[in-house]
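# A look at the structure
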Amino acid sequence: MLGDERFDLPQDFDLGVYRVSYLDDFQARCYIGTAAVRLSPWECRRLLGNVALCGGEGLRLHRDRPR
């Protein structure tokens with residue numbers, strides 16, 4: 001339910017500048033390194049569906065032999 005409150009953006013607010021600044025900060029805080037992660041087949045498919053959100057650079061998949 002929406003209330004009766006109103007929010008007005010400051011006169012000097014620039015969405016484009018804010019967005020670029022936010023994305024630069026987000027990328028600067030992203031973890032850069034390596035990790036070995038064991039995933040179920042379902043989790044692997046889900047991860048691959050979201051790789052574009054993080055650029056997907058350096059992603060390598062290795063299949064373990066069935067035990």
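Below is a summary of the structure that appears in this document. In this text, all values refer to a predicted model and were calculated from it rather than measured experimentally.

Looking now at the packing of aromatic side chains. Taken as a whole and judged by the stated rule, the model has 2 aromatic pairs. Between the aromatic rings of F13 and Y18, the centroid separation amounts to 5.9 Å while the plane-to-plane angle is 45 degrees, which identifies the pairing as tilted. On the basis of relative accessible area, F13 is assigned to the partly exposed category, the value being 34%. A residue is classified by how much of its surface remains accessible, and Y18, at 47% relative accessible area, is partly exposed. Taking the centre distance of 6.3 Å and the plane angle of 25 degrees together, the rings of Y18 and Y22 count as stacked. Here Y18 pairs with Y22, and both are found in helix α1 (residues 15–29), just 4 residues apart, close to one helical turn. Owing to a relative accessible area of 44%, Y22 belongs among the partly exposed residues under this scheme.

What counts, and where the lines are drawn
Residues numbered from 1 in each chain as written. Predicted model: local features only at pLDDT ≥ 70, side-chain atom pairs only at ≥ 80, totals over all residues. Heavy atoms only, no water. Phe/Tyr/Trp six-rings, centres within 6.5 Å; stacked < 30°, edge-to-face > 60°. Buried < 20%, exposed > 50% of the residue type's maximum accessible area, 1.4 Å probe, protein only. Helix = DSSP H or I, 4+ residues; strand = E, 2+ residues; numbered from the N terminus.

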